[in-house]
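Chain residues, written in single-letter form:
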Amino acid sequence: MKKMLNIALPKGRLGEKVYTMFAKAGYECPSILEQNRKLIFENDEVGVRYFWVKPSDVAIYVERGAADIGVCGKDILLEYAPTVYELLDLKTGICSMCVASKKDYIDNPTRPIKVATKFSNIALSYYSSIGRDIDIIHLNGSIEIAPILELSDVIVDIVETGKTLKENNLEIKETVLPYISARFICNKSSYKFKEQQINELVSSLKEQVEVK
Ligand code: PRP
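Only a predicted model underlies this, so the values are computations on that prediction, with no experimental measurement involved.

Inspection of the secondary structure puts Y105 in the loop between strand 6 (95-102) and strand 7 (113-117). In the structure, Y105 is positioned 86 residues away from Y191 in sequence and 49 Å away in space, judged by C-alpha atoms. In this structure Y105 touches I113, D153, V154 and K173, once residues within four positions along its chain are discounted. A polar contact of 3.4 Å, which involves the side chain of Y105, links it to the side chain of D107.

The following block contains the structure:
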């Protein structure tokens, strides 16, 4: 009998897309598609339990072993550096991370740049790599508002379609990370105990990624 696999998926569009890949790989759990507010779904027959969690929390569940495996963006892995195995690039949820500002913003090199972001560690390491002092303003969302209200000079944030920047009259100034995508991650001790099962799942997901 298969051992139960606990899988943390990011709530939202990316998670739903990724669920269909897992289902194709043999880990179906039809109850997950029911329209309700449940967060945990189980299919004993195939031995799987899914949790919908906040995208930025997936790595915490996996790192601490509450989930054996999960899917989260490379941005989260770079920001929080969790102790997990990164086993596969699912090549979906593709975006970049950029510095953006109001169109008329001009940098004053004599003072630190005020940077609003959800990704403080990534922003700090980027600006330190180019030798520029910054003043970090850590926010949890709607980052694009910060330069408009002059809370910050620039933002460091995810750009997918570029629509949010455009609709808020902001523009890209620099690219911090040109390629971010969803990654399959695994808890280190789960990998020891469920290695065969996890490897089979990774192989099936890999095939699906390659035929895309
Ligand atoms: C993300 C990101 C940008 C937007 C980029 O926000 O922080 O705001 O998506 O996508 P686009 O280039 O396709 O417009 P998210 O939806 O996660 O919201 P939040 O940052 O306000 O939490």
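Turning our eyes to something else, we now look at the sheet that holds strand 10 (residues 170-180). If you trace the 5 strands from one edge of the open sheet to the other, you get 8-7-9-6-10, paired in mixed fashion. Strands with a single pairing partner mark the edges of an open sheet, and in this sheet they are strand 8 (134-138) and strand 10. Adjacent strand axes in the sheet meet at a mean angle of 25° when their direction is disregarded. Of the strand pairs in this sheet, strand 7 and strand 8 are connected by 5 bridges, and their pairing is parallel.

A separate point is unusual backbone geometry. Positive phi is not limited to glycine here, since K91 has a value of about 50°. Residue S142 is not a glycine yet carries a positive backbone phi of 45°. Tracing the backbone through its elements, the reader meets S142 in the loop between strand 8 and helix 5 (145-148).

Moving on, we come to the packing of helix 1 (residues 13-24) against helix 8 (residues 195-211). The description of two helices packed together rests on the angle between their axes and the distance between the axes. It is the contact of helix 1 with helix 8, at a shortest axis distance of 9 Å, that shows an interaxial angle of 115°. Crossing angle aside, the handedness with which helix 1 passes helix 8 is right-handed. Between helix 1 and helix 8, the contacting residues are M21, F22 and K24 on the first element and L201, L205, Q208 and V209 on the second. A class-by-class count of the residues in the contact of helix 1 with helix 8 yields 5 nonpolar, 1 polar and 1 charged.

Cut-offs used in this document
Residues numbered from 1 in each chain as written. Predicted model: local features only at pLDDT ≥ 70, side-chain atom pairs only at ≥ 80, totals over all residues. Heavy atoms only, no water. Helix = DSSP H or I, 4+ residues; strand = E, 2+ residues; numbered from the N terminus. Contact = heavy atoms within 4.5 Å. Polar contact = N/O pair within 3.5 Å; in protein donor to acceptor, adjacent residues only side chain to side chain. Pairing = 2+ DSSP bridges. Axes fitted to C-alpha atoms, helices over the stretch in contact; angles between N-to-C directions. Left-handed = near helix turned anticlockwise from the far one by under 90°. Nonpolar A, V, L, I, M, F, W, Y, C, P; charged D, E, K, R; others polar.

Everything listed here is a matter of coordinates, which is why it stays silent on function.
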